[in-house]
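Analysis of the macromolecular model
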Amino acid sequence: MTRDAIRFKNGGILHFASAQSPSDLASRAIRILVLDECDKYLEFSGKEGSPIALARERTVTYSNRKIVKASTPLTDHGYILHEF
């Protein structure tokens with residue numbers, strides 16, 4: 001495994017990706033997505049679009065997908081407060 005992933009003995013792999021890297025967010029299908037501190041993400045990653053939308057798109061392969069969004073609210077108009 002690379003330093004951006006951990007393989008567990010009983011099965012499963014935990015991958016880490018940066019919200020600032022569109023290629024990280026578009027590289028594999030994922031069933032469980034955890035977005036941490038999403039209010040701090042840049043609004044757009046270059047010409048690729050929102051990092052949250054790119055990450056969410058990786059989950060469409062799975063009908064039993066789980067998406068967890070966690071963040072400290074930073075503004076009254078921030079992403080996490082809007083989602084709440």
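What you are looking at is a predicted structure, and each value in this text was computed from that prediction instead of being measured. (Residues numbered from 1 in each chain as written. Predicted model: local features only at pLDDT ≥ 70, side-chain atom pairs only at ≥ 80, totals over all residues. Heavy atoms only, no water.)

**Things to note about the side chain of T59**
Note that T59 resides in the loop between α2 (51–57) and β4 (66–70). Judged by relative accessible area, T59 falls into the buried class, the value being 0%. Among the polar contacts listed, one links the side chain of T59 to the backbone oxygen of R56, at a separation of 2.7 Å. (Helix = DSSP H or I, 4+ residues; strand = E, 2+ residues; numbered from the N terminus. Buried < 20%, exposed > 50% of the residue type's maximum accessible area, 1.4 Å probe, protein only. Polar contact = N/O pair within 3.5 Å; in protein donor to acceptor, adjacent residues only side chain to side chain.)

**A few points about the pairing of strand β3 (residues 32–36)**
Across the two faces of β3 the burial differs, with L33 and L35 buried and I32, V34 and D36 not buried at all. Bridging between β3 and β4 involves five bridges; their strand directions are parallel. Counted as the bridge partner of L33 is I67 from β4. (Pairing = 2+ DSSP bridges.)

**A look at a nonpolar patch on the surface**
A grouping of I6, F8, L14 and F16 is seen on the molecular surface, where their side chains present a nonpolar patch of about 360 Å² in accessible area. Along the chain, F8 falls in the loop between β1 (5–7) and β2 (13–15). We classify F8 as partly exposed; its relative accessible area is 43%. (Patch = residues over 30% accessible without salt bridge, like charges linked within 9 Å, V, L, I, M, F, W, Y side chains within 5 Å. Areas by Shrake-Rupley, 256 points an atom, 1.4 Å probe, with all protein chains shown as cover. Salt bridge = Lys/Arg side-chain N within 4 Å of Asp/Glu carboxyl O.)

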